[in-house]
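Coordinate analysis (summary)
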Number of protein chains: 2
Amino acid sequence: MLTLLTILTMGIAERKIRQKESVRCSILGEARKIVEQEGWQALSIRRIAEAIEYSVPVIYDHFANKEAIMLEFTREGYGLLVEELTKAKDQHPDPAAQIEAMAYAYWEFAFNNKAYYQLMYGLGMPSCDTVRQINELQAFSELIQAPITQLLSRSSKPDTNPFLKLHTFWSMLHGLVSINMMSGTTGGNEALNRQIIRDFIEGFTGSLRT
Amino acid sequence: MLTLLTILTMGIAERKIRQKESVRCSILGEARKIVEQEGWQALSIRRIAEAIEYSVPVIYDHFANKEAIMLEFTREGYGLLVEELTKAKDQHPDPAAQIEAMAYAYWEFAFNNKAYYQLMYGLGMPSCDTVRQINELQAFSELIQAPITQLLSRSSKPDTNPFLKLHTFWSMLHGLVSINMMSGTTGGNEALNRQIIRDFIEGFTGSLRT
DNA sequence: TAGAATAGTTAACAGCGTTAGCAAAAGTAA
DNA sequence: TTACTTTTGCTAACGCTGTTAACTATTCTA
């Protein structure tokens, strides 16, 4: 029965949900701070607990374990990446130009969000089989596959597997990024890398058009 | 003064060196076993100590820290890789065929020596700035750069930077491998990957020849 | 106001890399 | 053979880590 009391109670329940949500947010927020300032290796449950000014077990009320927290960031990372790629893509009508713009945007994203990227690709992290749990990956795939398919349909071999080309594109970029990231130097050889990307994009879009 | 006694003493010293060497070997040996059976995450100083039937501090008489042990394996890994690539290369006189053979050999190596590869590229490991300490990397670079340079010298643009092309080649392969490794499935989609490599090799050697 | 549910705590477990300090064994010299 | 020195290897600890059981104090319900 819906009495005045139950209505009041509902307000209280909602406040509690809000509070819980806010703790959850501050966990993620403080974790982000730590990671951005000191890298993934510095992130520990105890440090998060200290930062949010709660005791350690509170964190386990919001996340099953540390990996779940990291998975959240991985999701966030792919979301951000898709956002950036979309922005780059939308600035060009031509599919070849779109691919090129996205390649550069991908590269920019990786180095502007080093921490995210390293988590997303398990660079220096003990997390391997989390990839399957990321829905955002699909958005990412579709985004890149669209202009590829367009280019292929105009080519002399319109029945080429666009999925194959997508993987080629992705592999190349990720390889370049991860090798550069491991070498430590933020930019590596900035000029050389620009050249490599250009060289690759030319070869890639070329192979799509013929 | 070189008395009979000092000569005897020298034998003892040598035996001690041998013994020390043997402990060092068994550290690496047992570590290898653990890693191959359970992955890098399962490797701990305490587990090595238990396996070699010595106490923990003995390990620190042979290696400065855990990272030093891993560095040893990284070196070993690159050594093995160079070996495999050389074998593949030596079976073909034509530089284009050499590049192709090495690409496949690289792929094979990565999945036949998953543990090594993951260590070498920091996949799931907290070791980033160890790359610079690997001398074997140079051998690797030279091995691949040679046929690239050959192809380029015959092309219409013989002054193209071969170092650039080497990086393109390497990035592509590593990207493909690491994305596949993270997806968990050992082969992923074996047929698709074969196709991707072929597709890539074609585009790559093509771009070297024109 | 008494009882139930929730929130948040302390303290522990089992593991990690690393190292200081000590005991026993081995080698050296008289 | 005995006394001294060096080497060898050990125990035990420090300060971390992720995770959880058990408890208290607070808040809500009837």
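Residues numbered from 1 in each chain as written. Chains lettered and ligands numbered in written order. Predicted model: local features only at pLDDT ≥ 70, side-chain atom pairs only at ≥ 80, totals over all residues. Heavy atoms only, no water.

Remarks on the overall build of chain A
Scanning chain A from N- to C-terminus turns up nine helices and zero strands. Scanning chain A from its N terminus toward the C terminus, one meets helices and strands in the order α-α-α-α-α-α-α-α-α. When each of the 210 residues of chain A is scored for burial, the buried share is 47%. Partitioning the intrachain contacts of chain A with sequence separation of at least 6 by distance along the chain shows that 71% fall at a separation of at least 24. (Helix = DSSP H or I, 4+ residues; strand = E, 2+ residues; numbered from the N terminus. Buried < 20%, exposed > 50% of the residue type's maximum accessible area, 1.4 Å probe, protein only. Contact = heavy atoms within 4.5 Å.)

Remarks on the environment of B:Tyr104
Residues and elements named next belong to chain B. Residue placement: Tyr104 occurs in helix α5 (residues 95–112). Separated by 15 residues in sequence, Tyr104 and Lys89 place their C-alpha atoms 11 Å apart. If we ignore the near neighbours within four places in the chain, the residues touching Tyr104 are Arg194, Ile197 and Arg198.

Some remarks on the nonpolar core
The tendency in soluble globular proteins is for nonpolar side chains to be buried side by side. Judged by nonpolar contacts, the single largest core of 136 residues is most densely connected at A:Tyr106 and B:Tyr106. Leave out the neighbours within four places in its chain, and B:Tyr106 touches B:Leu81, B:Leu85, B:Tyr117, B:Tyr121, B:Phe140, B:Trp170, B:Leu173, B:His174 and B:Val177. (Core = buried A, V, L, I, M, F, W, Y, C linked by side-chain atoms within 4.5 Å.)

A few points about the packing of aromatic side chains
All names here are of chain A. Here the structure, examined in full by the defined rule, presents 26 aromatic pairs over all chains. Ring geometry for Tyr106 versus Tyr117: centroids 5.9 Å apart, planes at 85°, classification edge-to-face. Note that Tyr106 is positioned in helix α5 (residues 95–112) and Tyr117 in helix α6 (residues 114–120), a separation of 11 residues in sequence. Here the two residues Tyr106 and Tyr117 agree in accessibility, since each one is buried. Site record: aromatic cluster; members linked through ring pairs are Tyr78, Tyr106, Tyr117, Tyr121, Phe140 and Trp170. (Phe/Tyr/Trp six-rings, centres within 6.5 Å; stacked < 30°, edge-to-face > 60°.)

Structural notes on the packing of α5(B) against helix α7 (residues 136–154) of chain B
Residues and elements named next belong to chain B. For the pair α5 and α7, the least separation of the axes is 9 Å and the interaxial angle reads 150°. Relative to α7, α5 is oriented roughly antiparallel. The handedness of the crossing between α5 and α7 comes out as left-handed. Along its contact with α5, which presents Pro95, Ala96, Gln98, Ile99, Met102 and Tyr106, the element α7 presents Phe140, Leu143, Ile144, Pro147, Ile148, Gln150, Leu151 and Arg154. In the contact of α5 with α7, the residues fall into 11 nonpolar, two polar and one charged. (Axes fitted to C-alpha atoms, helices over the stretch in contact; angles between N-to-C directions. Parallel < 35°, antiparallel > 145°, perpendicular 65-115°, else oblique. Left-handed = near helix turned anticlockwise from the far one by under 90°. Nonpolar A, V, L, I, M, F, W, Y, C, P; charged D, E, K, R; others polar.)

Observations regarding the confidence of the model for chain A
Residues and elements named next belong to chain A. For chain A, the mean per-residue pLDDT works out to 84, and 85% of the residues sit at or above 70. Averaged pLDDT values over the elements of chain A bottom out at 78 in helix α1 (residues 4–38) and peak at 97 in helix α2 (residues 45–52). Predicted confidence is poor over residues 1–9, with pLDDT under 50, and the contacts of this stretch with residues over four places away or in other chains come to one contact. (pLDDT = per-residue confidence, 0-100.)

Regarding the environment of B:Glu72
All names here are of chain B. For Glu72, the position within the fold is in helix α4 (residues 66–89). Look at Glu72 and you get partly exposed, because its relative accessible area is 23%. Spatially, the C-alpha atom of Glu72 lies 8.5 Å from that of Leu28, the residues being 44 residues apart in sequence. Setting aside residues no more than four positions away along its own chain, Glu72 makes contact with Arg24 and Leu28.

Observations regarding α7(B)
All names here are of chain B. A rise of 1.5 Å per residue sets the reference length of α7, with its 19 residues, at 27 Å; its end C-alpha atoms lie 29 Å apart and thus fit the reference within 8%. The largest bend in α7 comes to about 30°, at Gln145, with the proline Pro147 one to four residues further on. Buried residues of α7: Leu137, Phe140, Ser141, Leu143, Ile144, Pro147, Ile148, Leu151 and Leu152, and no others. Close packing links the buried residues of α7 with α4, α5, α8 (162–182) and α9 (190–209). (Expected span 1.5 Å × (residues − 1). Bend = angle between axes of the 7 residues up to and from the residue.)

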